[in-house]
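Structure assessment
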2 protein chains.
Amino acid sequence: MVGIVIVSHSRKLAEGIKELALQMTIGFEGVYCAAGLEDGEIGTDPVKIMETIREAEDGDGVVVLADIGSGVMSAEAAIEMLEDEPIRVKIADAPIVEGAIAATVEAFIGRSFELVLEAAEETRNFRKIS
Amino acid sequence: MVGIVIVSHSRKLAEGIKELALQMTIGFEGVYCAAGLEDGEIGTDPVKIMETIREAEDGDGVVVLADIGSGVMSAEAAIEMLEDEPIRVKIADAPIVEGAIAATVEAFIGRSFELVLEAAEETRNFRKIS
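Calculation notes
Residues numbered from 1 in each chain as written. Chains lettered and ligands numbered in written order. Predicted model: local features only at pLDDT ≥ 70, side-chain atom pairs only at ≥ 80, totals over all residues. Heavy atoms only, no water. Helix = DSSP H or I, 4+ residues; strand = E, 2+ residues; numbered from the N terminus. Rg over C-alpha atoms; globule rule 2.2 N^0.38 Å. Core = buried A, V, L, I, M, F, W, Y, C linked by side-chain atoms within 4.5 Å. Buried < 20%, exposed > 50% of the residue type's maximum accessible area, 1.4 Å probe, protein only. Contact = heavy atoms within 4.5 Å. Buried area = accessible area lost by both parts, 1.4 Å probe. Salt bridge = Lys/Arg side-chain N within 4 Å of Asp/Glu carboxyl O. Polar contact = N/O pair within 3.5 Å; in protein donor to acceptor, adjacent residues only side chain to side chain. Nonpolar A, V, L, I, M, F, W, Y, C, P; charged D, E, K, R; others polar. Pairing = 2+ DSSP bridges. Axes fitted to C-alpha atoms, helices over the stretch in contact; angles between N-to-C directions. Patch = residues over 30% accessible without salt bridge, like charges linked within 9 Å, V, L, I, M, F, W, Y side chains within 5 Å. Areas by Shrake-Rupley, 256 points an atom, 1.4 Å probe, with all protein chains shown as cover. Lys, Arg positive; Asp, Glu negative; His and termini not counted. Charge placed at Lys NZ, Arg CZ, Asp CG, Glu CD. Parallel < 35°, antiparallel > 145°, perpendicular 65-115°, else oblique. Left-handed = near helix turned anticlockwise from the far one by under 90°.

**Topic: the overall build of chain A**
Looking only at helices and strands, chain A has 5 helices and 4 strands in total. When the helices and strands of chain A are read in sequence order from the N terminus, they spell out β-α-β-α-β-α-β-α-α. In terms of overall size, chain A behaves like a compact globule, its C-alpha atoms giving a radius of gyration of 13 Å where 130 residues would be expected to give roughly 14 Å. C-alpha extents for chain A along the principal axes are approximately 40 × 30 × 25 Å.

Written out as structure tokens, the structure is:
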């Protein structure tokens, strides 16, 4: 199954996204958080993200969702550190909550890496108000 | 100042968004959460959202950010309950994290209701990956 990694500056935010995504995918174990600094402070840590991507990898690749600019940069740094490892990993160009939920649902039903990534990125086109 | 209300099914998620938004607007007091059910369970409560909108109103209106479909519906129900009160309130058609951060920054620097709402909604066009 495709793994999902949620990168946020706030640990609460990442855990909240995971909580919400798992409400729709009861029993799914493929959602991981890499959020906050070691001491719980606000921030993102490339090494922690790298380790979390490794943990999330189950042979089918890992889709990363990140909150804001510096979270994306930390995730890019983490992916660079993994370049010698055979892990297929990409950051979704998507809003973090909406993208993580869509990706988790697709991963849960066993979709491929491409489809999980695509589902996350399609949420950029979501309208909430009709 | 324009008030910001974050509506989420997950209390952790809303608190995480508030935590992150306030990192960029130290000392700002205009961000409120209406998230989870009374017992902390996952869900949204229109009455709680209505009360939180009232609390957030400071004379300049309130912009609401909501997570997913049923959160938007609960926020719409809350706004309907307020229709006899002179509160200018709208749900931003925006991703919850990105929209809440942009709206909070604009509210913090004293922008009008229209500009705060617009800043939130413009985040639909954000790209995270260049």
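**A word on the nonpolar core**
Core analysis: the biggest nonpolar cluster contains 51 residues, and Ile4, Val63 and Leu65 of chain A together with Ile4, Val63 and Leu65 of chain B have the highest contact counts within it. Among residues more than four places away in sequence, those in contact with valine 63 of chain B are Val2, Gly3, Ile4, Val5, Lys90, Ala92, Phe113, Val116 and Leu117 of chain B.

**Notes on the environment of glutamine 23 of chain B**
With respect to the helices and strands, glutamine 23 of chain B occurs in helix α1 (residues 11-23). Classification of glutamine 23 of chain B as partly exposed rests on a relative accessible area of 42%.

**So, the interface of chain A and chain B**
If you look at the interface, chain A gives 31 residues, while chain B gives 30 residues. Taking both partners together, chain A and chain B bury about 2,700 Å²; carbon and sulfur atoms supply 62% of that area. Considering only the side of chain A, the residues that lose the most area to chain B are Lys12, Asp93 and Lys128 of chain A, jointly responsible for 22% of the buried surface there. Taken together, chain A and chain B are joined by 4 salt bridges. Salt-bridge contacts for aspartate 93 of chain B lead to arginine 127 of chain A; the nearest nitrogen and oxygen are separated by 2.9 Å. Taken together, the links from chain A to chain B amount to 14 residue pairs in polar contact (both at pLDDT 80 or more). Of all the secondary structure elements, the ones that give two or more residues to the side of chain A that touches chain B are α1 (11-23) and α4 (96-108) of chain A. It is α1 of chain A that contributes the most residues to the side of chain A that touches chain B, 9 residues altogether. A class-by-class count of the residues in the side of chain A that touches chain B yields 17 nonpolar, 4 polar and 10 charged.

**Thoughts on the environment of alanine 103 of chain A**
Residue and element names in this part refer to chain A. Take alanine 103: it is sitting in helix α4. Taking the C-alpha atoms as reference points, alanine 103 and serine 10, 93 residues apart in sequence, are found 20 Å from one another. Setting aside chain neighbours within four positions, we find alanine 103 in contact with Ile4, Leu65, Val116 and Ala120.

**Details of the sheet that holds strand β3 (residues 62-66) of chain A**
Residue and element names in this part refer to chain A. Strands sit in the order β2-β1-β3-β4 across an open sheet of 4 strands; the sheet is parallel. Bordering the open sheet on either side are β2 (31-35) and β4 (89-91), each of which pairs with just one other strand. Direction aside, neighbouring strands of the sheet carry axes that sit 20° apart on average. Bridging between strand β1 (residues 3-8) and β3 involves 5 bridges; their strand directions are parallel. Bridging from a neighbouring strand, isoleucine 6 pairs with leucine 65 of β3. Running at roughly 170° to β2, α1 makes contact with β1 and β2 of the sheet. Along the sheet, helix α3 (residues 69-81) contacts β1, β3 and β4; its crossing angle with β4, the most-contacted strand, is approximately 165°.

**Some details on a negative patch on the surface**
Taken together, the side chains of Glu19 of chain A together with Glu38, Asp39, Glu41, Glu51 and Glu55 of chain B define an acidic patch exposed on the protein surface. Along the chain, glutamate 19 of chain A turns up in helix α1. Overall, glutamate 19 of chain A belongs to the partly exposed group, its relative accessible area being 31%.

**Concerning the packing of helix α4 (residues 96-108) of chain B against helix α5 (residues 113-122) of chain B**
All names here are of chain B. Packing of α4 against α5 brings their axes to within 7 Å, and their N-to-C directions diverge by 150°. Of the possible angle classes, the one that applies to α4 and α5 is roughly antiparallel. Taken as a pair, α4 and α5 cross one another with a handedness that is right-handed. Residues Gly99, Ala102, Ala103, Glu106 and Ala107 of α4 lie in contact with α5, whose contacting residues are Leu115, Val116, Ala119 and Ala120. Within the contact of α4 with α5, the residues separate by chemical class into 7 nonpolar, 1 polar and 1 charged.

Remember, this is a structural readout, not a statement about activity or role.
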